[in-house]
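Spelled out from the first residue to the last, the chains are:
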Amino acid sequence: MFKKKLGGIIQVGDTDEDTMDTVAAEEPTMPEVQSAPVSEDVWDSDEEKAAKREVQEQSTVIGKAAVITGDLTAKGPITVTGMVQGNIACEDKVCIRGEVVGNIAGKSILVMTGGRIRGNITSVTDLVLQVDASIEGDLVAAQMSLDGNLTGNINCSGDLCLGAKSVVTGDISTKDISTTLGAQINGRVEMKKRG
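Predicted, not measured: the structure shown is a model, and the values here were computed from it.

A. Up close: unusual backbone geometry. Backbone geometry places Asp132, a non-glycine residue, at a positive phi of 65 degrees. Counting through the fold element by element, Asp132 comes out in the loop between strand E15 (126–129) and strand E16 (134–136).

As structure tokens, this is what we get:
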């Protein structure tokens, strides 16, 4: 005898004497549900979606195993998870997870945990240095939030925030500074006059 499930009905019947197999009744399977589009896509207008696609198409990603020797220039965002030995000039955001030996200029700069830079950095808007990231070079930006290691001078035209894990070895010139308990400064601090 064997059992076979047909659309919710179990059919019992005879089988050959040689194959006295019993087939277990299968659980009904649910039809696959298509995932809904990402919430931001649902609410974005056609113009916003087109702008996001354009940014993605202009993005440059340097992979973890890649080593680029030479200068890099881009209009769209740049993400470096590998190594760049040369200067980076970008009209958009620059995100560093890997290593850069050279100067970086961009609209906004983010040095993520594990990122290493040996060179000067100039940011039009903000610069963020996360925990366990390091920079050897001078920094220039409108706003800065540092929580990693910096060996170099800081020139911040706006607010500078030093996190608890930050270690700055160099002189600081800023309009306003805030520090969290644990932040270390090995150098002079000059406060710019408010205008």
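B. Here's a closer look at the pattern of salt bridges. One pass over the structure, following the stated rule, counts 2 salt bridges. Between Glu99 and Arg118 there is a salt bridge, with its nearest N and O atoms 3.9 Å apart. Linking Glu99 in strand E10 (residues 99–101) with Arg118 in strand E13 (residues 116–118), this pair joins segments that are 19 residues apart in sequence. Across the pair Arg188 and Asp171 runs a salt bridge, and its minimum N-O distance is 3.8 Å. Taken together, the residues Arg188 in the loop between strand E23 (184–186) and strand E24 (189–191) and Asp171 in the loop between strand E21 (167–169) and strand E22 (172–179) connect sequence positions 17 residues apart. Judged by its relative accessible area of 55%, Arg188 falls in the exposed class.

C. Summary view of the sheet that holds strand E19 (residues 149–151). In space, the 8 strands of this open sheet follow the order E4-E7-E10-E13-E16-E19-E21-E23, with parallel pairing throughout. Across the chains shown, the open sheet's two edge strands, defined by having one partner strand only, are strand E4 (67–69) and E23. Taking each pair of neighbouring strands and ignoring which way they run, the sheet shows an average axis angle of 5 degrees. Two strands pair when backbone bridges link them, and E4 and strand E7 (residues 83–85) are joined in this way by 3 bridges, in the parallel orientation. If you follow Val67 over to E7, its bridge partner there is Met83.

Calculation rules
- Residues numbered from 1 in each chain as written.
- Predicted model: local features only at pLDDT ≥ 70, side-chain atom pairs only at ≥ 80, totals over all residues.
- Heavy atoms only, no water.
- Helix = DSSP H or I, 4+ residues; strand = E, 2+ residues; numbered from the N terminus.
- Salt bridge = Lys/Arg side-chain N within 4 Å of Asp/Glu carboxyl O.
- Buried < 20%, exposed > 50% of the residue type's maximum accessible area, 1.4 Å probe, protein only.
- Pairing = 2+ DSSP bridges.
- Axes fitted to C-alpha atoms, helices over the stretch in contact; angles between N-to-C directions.

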